[in-house]
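# Structural features, examined
Spelled out, the chains give:
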Amino acid sequence: MDLNSASTIVLRVLTQATSQDTAVLKPAEEQLKQWETQPGFYSVLLNIFTNHTLDVNVRWLAVLYFKNGIDRYWRRVAPHALSEEEKSTLRAGLITNFNEPVNQIATQISVLIAKVARVDCPRQWPELIPTLLESVKVQDDLRQHRALLTFYHVTKTLASKRLAADRKLFYDLASGIYSFACSLWNHHTDTFLQQVCTGDEAAATNSLERTLLSLKVLRKLTVHGFVEPHRSVEVMGFLHAVFERLKQFLECSRNIGGENICRDRLEKTIILFTKVLLDFLDQHPFSFTPLIQRSLEFAVSYVFTEAGEGVVFERFIVQCMNLIKMIVKNYAYKPSKNIEDSSPETLEAHKIKTAFFTYPTLMEICRRLVTHYFLLTEEELTMWEEDPEGFSKKSVEETGGDSWKYSLRPCTEVLFIDIFHEYNQTLTPVLLEMVHSLQGSTNMEDTSAILIKDAVYNAVGLAAYELFDSVDFDQWFKNQLLAELQVSHNRYKPIRRRVIWLIGQWISVKFKSDLRPMLYEAIRNLLQDQDLVVRIETATTLKLTVDDFEFRTDQFLPYLESMFTLLFQLLQEVTECDTKMHVLHVLSCVIERVNMQSEEHNMLRCAILTTLIHLVQGLGADSKNLYPFLLPVIQLSTDVSQPPHVYLLEDGLELWLVTLENSPCLTPELLRIFQNMSALLALTGVTFQDGDRYELKSLHALLTKELSSENLKNCFKIINAYIFLSSSEFLQMYATDLCRSFCELLKDITTEGQVQVLKVVENVLKVNPILGPQMFQPLLPSVFRGIIDGERYPMVMSTYLGVMGRVLLQNTSFFSLLLSQMACELGQELDQILGNMIEMWVDRMDNITQPERRKLSALALLSLLPSVNSVIQDKFCGIINISVEGLHDVMTEDPETGTYKDCMLMSHFEEPKVTEDEEPPTEQDKRKKMLALKDPVHTVSLQQFVYEKLKAQQELLGEQSFHALMETVDTEIVAQLQEFLQGF
């Protein structure tokens, strides 16, 4: 790609690629993609993004394309790799000028230089580091900053390489430039502090930015640049200097107002200081040993004494607590049980820790954690009132994952747990004394006392395992906690919430089984509490209670129904998805545990099934989250080979049905349980464990005798639900077996049973008009035969005509094959068979009462036109009669225009408006609506269809013959037809 000729073209295409018009944007992006592998393309991009006179958006895009190209084409082994000659030119061009005026573009350029450095530095690019070191010394502020920014990104990238050879190169680089990096950092730091003192805010902000960048460089060099950093005087000197600089910066933060633009950067720099210490401790615990004493003194002073007041901010407190926690918990500092097996470094570190954590220090840390940091804040109390679900969600989130590393409350709790575990003999009396001081009633007007009690109870819950031998929790529960749960005053809700949480923490530690009924009673009462947060917390404790290995179903059984009712009410009341899922998880755990322990309690299982039915109906599509335990329940209760099905089948089928109706999609597990259906459609017997024979009325038997069973109706509804849910997957797996079962059923079946079977077939043809007839081909001859024989039961005949109407209208080729097959089987002429069918169809049209099927019949018979077939022309009068009847059924007159329109037409999906008294639509209701948008009954105008077919017939026969054909139709019918077709 020639630079001079290509620059203008590439610039134009880049400009087009920044357009908001997709018609302009897409071709431009495609062209740029084709150029990615062209030699010289990246040189053109370099010229464009370093030209500061061009549009910023164009330059930004050029940088991004260049950066992406490095990932794809810079390495020698890459397909379409850049030539060494072009790469050499690009490397030289990238570090010629550090004068990019736009911050965002400057950052991208720094990142892409670092990407090149990762591959080429130092071997192919030895001049990079010297150039950067020289450039960060220049007096020009912009050039100095851009060079320092690049220096940081290059250092960060090289520090991330992990191969041994790369590590060695970085060690060499670090030792070579460390002294310079320290002096650079000290220079910018001193400059910043001086400018703060003189009140030069703008200059101080610029210097602070350079201080931050140089400190970032030092962090990477210090943490990753030395094998044994404690042997480097410069490294240890820098780390000790960190503490002094931290104090200076904290004092600056005290003096700089909250609105000052410099404050945000200042706090970021303070946090970066702490990250240097935390990272160094994490990577080099033994090298950190000389810093243990100073780190603990510094962190404890600022976080747990008056020294930090007015200086510290939340993120800094978190970092200091993390530093204390990492020292306390560090395995490198813990001697073995056999002291002789411990290294001298470990013993030295342990000695320093032990000397620091004296009784007064530990007591002060413990008291401050509980009575200061554990207290609910004004912000949290406001959130409790204004957004209770948000408050509960935040509480749950802060108890999991790595939230302790970043958020104050979980950080304080984790630090408390670790310190209490490490020094439990010292701290247990301290905490117990705090508990004893809070016994008895609390003044409702004293908010401070309530919050202190909440905090102390929190500590007892967190330290439950450590306090096992020191607290008689059973007595405390009976004598104190139970009474506190019964205090209904609104101001006491933090204690109600905390006590039920506390019980949840202790339930698996120390809680006598005999006390469970008292706890269940308390839980039931709290699930009716006026405060939502209390109820959500109570639900969580209920889950912990039933999950415990000492859980007994017989104790819980008297509370089961009321618990489910209250949990379900809670589920309906909460609005946040996360809260719903939390309550749902509680419900699922309760159901799973109770069901697991109640194999001999079939009536209990029935109660659970009934609850699940209501639960699925209430949750709608969200019920899919119940599948892990819901589907095994359906599987068991509808499996006729399992004895419990005798009790569970009716509810199990209903649960199966509502699950399908509310399912947003078909899962493999949901598809798999349909295997139970084949046994339900066959004659079976069940043997009870006591040996008594119990003859189950099979569905087959019911079909052949009576249709009073809801079980039977639900079975067919279930089959239909699968068809609507995902006909292709379902039919691919089960169509053959289903068709075989239906053929057997139709041999000896009640009329209503035949209708149920045929409705399934009709639905298959509706959702899958092409493959459906092939899948159920064995059934269709009996349907055809039923039509021409003049089936005497109107309901059955109506369904026959619905099935055949679908085949005739939507799969003409299959209808022709079926017609040929029937002619062969009956030994009659094809035209004769066709004529008999049309004649019977016209004759029995009155058997069809559903408007949809009546319209379908009209469309199906009209689809035979235009035709020169004498039989069809002979039956023309009947076809027109049915068509006009259909028009009468579906056409409504617009009173304003006086014209007619087909009332069955649907053009788009509309969410139905549901009143408070109505149930919202299920997922299946929505699927049926969407299916209707593809159904000819709802997409084809019968009026238009009649007109087009008659016009086509007229064109086929000619005016005279068509007129003769129309004379076979009754004049009154013709007059009605003409009225419907006005305007065509």
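As a starting point, this report considers the structure included with it. Treat the numbers as computed from the prediction; the structure is a model and nothing was measured. (Residues numbered from 1 in each chain as written. Predicted model: local features only at pLDDT ≥ 70, side-chain atom pairs only at ≥ 80, totals over all residues. Heavy atoms only, no water.)

## Brief notes about the overall build of the protein chain
As a reminder, the rule being used: Put simply, DSSP marks the helices as runs of H or I at least four residues long and the strands as runs of E at least two long, and each gets a number from the N terminus on. Here the globule rule is a power law, 2.2 Å times the number of residues to the power 0.38, and the radius of gyration is based on C-alpha atoms. Remark: exposure states derive from per-residue accessible area (1.4 Å probe, protein chains only) relative to the maximum for the residue type, with buried under 20%, exposed over 50%, and partly exposed in between. The criterion used for residue contact is that any of the two residues' heavy atoms lie within 4.5 Å. Here the open area of atoms and residues is found with the Shrake-Rupley method and a 1.4 Å probe, where only the protein chains shown may cover a residue. Counting rule applied: Lys, Arg positive; Asp, Glu negative; His and chain ends not counted. The location of each charge is read from NZ of Lys, CZ of Arg, CG of Asp or CD of Glu.
Looking only at helices and strands, one finds 48 helices and four strands in the protein chain. What you see for the protein chain is a C-alpha radius of gyration of 40 Å, clearly larger than the 30 Å of a compact globule of 984 residues, by over 25%. Oriented by its inertia axes, the alpha-carbon framework of the protein chain measures out at about 110 × 90 × 60 Å. Evaluated residue by residue, the protein chain yields a buried proportion of 53% over its 984 residues. In the protein chain, the proportion of contacts linking residues at least 24 apart, taken out of those at least 6 apart, comes to 73%. Counting only carbon and sulfur atoms, one obtains 50% of the accessible surface of the protein chain, whose full area is about 44600 Å². Of the charged side chains in the protein chain, 92 are positive and 128 negative, and the gap between their average positions amounts to 7 Å.

## Here's the deal with the pattern of salt bridges
The condition that has to hold: By definition here, a salt bridge exists when the distance from a side-chain nitrogen of Lys or Arg to a carboxyl oxygen of Asp or Glu is within 4 Å.
Counted according to the given criterion, the structure contains 47 salt bridges. As a salt-bridge pair, Asp172 and Lys168 come within 3.0 Å of each other at their nearest N and O atoms. Of this pair, Asp172 and Lys168 both sit in helix H9 (residues 164–198), four residues apart, roughly one helical turn. Residue classification places Asp172 among the partly exposed residues on the basis of a relative accessible area of 39%. Of the charged contacts, one joins Asp843 and Arg844 as a salt bridge, the two residues approaching to 3.7 Å between their closest N and O atoms. Within the structure, one salt-bridge network assembled from shared partners comprises Arg76, Glu84 and Lys87.

## Quick look at the side chain of Arg497
As for its placement among the helices and strands, Arg497 is situated in helix H23 (residues 493–506). With relative accessibility at 7%, the residue Arg497 sits in the buried group. Apart from residues no more than four positions distant in its own chain, Arg497 is found in contact with Trp384, Phe391, Ser395, Val533, Val534 and Glu537.

## Looking at helix H22 (residues 473–485)
Using the following cut-off: Expected span of a helix, by definition, is 1.5 Å for each gap between consecutive residues, and there is one gap fewer than residues. Two axes define the bend at a residue: one fitted to the seven residues ending there, one fitted to the seven starting there, and the bend is the angle between them.
Its 13 residues place the ends of H22 only 15 Å apart at the C-alpha level, less than the 18 Å of an ideal helix rising 1.5 Å per residue. Along its length, H22 shows its largest kink, about 40°, at Asn479. Every buried residue of H22 is listed here: Phe473, Asp474, Trp476, Phe477, Gln480, Leu481, Leu482, Glu484 and Leu485. Buried residues along H22 sit against helix H20 (424–436), helix H21 (447–462), H23 and helix H24 (516–526).

## Description of the nonpolar core
The nonpolar side chains of soluble globular proteins are, as a tendency, buried together. Where we set the bar: What we call a nonpolar core is a set of buried Ala, Val, Leu, Ile, Met, Phe, Trp, Tyr and Cys residues that are connected through their side-chain atoms within 4.5 Å.
With 325 residues, the main nonpolar core has Phe416, Trp656 and Phe742 as its most contacted residues. Ranked by residues supplied to this core, first place goes to helix H34 (residues 710–747) with 17 residues. Discounting residues that sit within four places of it in the chain, Trp656 has contacts with Ile634, Thr638, Ile673, Phe674, Asn676, Met677, Leu680, Ile718 and Tyr722. The next biggest cluster of nonpolar side chains, apart from the first, holds five residues, and it includes Leu376, Trp384, Phe391 and Val533.

## Examining the packing of aromatic side chains
Just so we agree on the cut-off: When two rings of Phe, Tyr or Trp (its six-membered ring) have centres within 6.5 Å they constitute a pair, described as stacked for plane angles under 30 degrees, edge-to-face for angles over 60, and tilted for the intermediate range. Working rule: Lys NZ or Arg CZ, within 6 Å of ring centre, within 35 degrees of ring normal, means a charge sits over the ring.
Tallied over the full model, the rule gives 39 aromatic pairs. Between the aromatic rings of Tyr42 and Phe66, the centroid separation amounts to 5.8 Å while the plane-to-plane angle is 90°, which identifies the pairing as edge-to-face. Placement of Tyr42 in helix H3 (residues 41–49) and of Phe66 in helix H4 (residues 56–73) is noted, with a sequence separation of 24 residues between them. Comparing Tyr42 with Phe66, the two get one shared label, buried. Ring-pair connections join several aromatic residues into one group, and the members of that group are Trp35, Phe41, Tyr42, Phe49, Phe66 and Tyr73. Positioned above the aromatic ring of Tyr152 is the side chain of Lys216, whose terminal nitrogen or guanidinium carbon lies 5.2 Å from the ring centre. Sitting above the plane of the Trp185 ring, Arg245 keeps its charged end 5.6 Å from the centroid.

## Let's talk about the environment of Thr305
Formally: For this analysis, a polar contact is any N or O atom pair within 3.5 Å, provided that within protein one partner can donate a hydrogen and the other can accept it, and provided that sequence-adjacent residues contribute only side-chain to side-chain pairs.
Position of Thr305 among the secondary structure elements: in the loop between helix H13 (289–304) and helix H14 (314–329). Residue contacts for Thr305: discarding those within four places in its chain leaves Val300 and Arg368. A distance of 2.3 Å separates the side chain of Thr305 from the backbone oxygen of Ser301, its partner in a polar contact.

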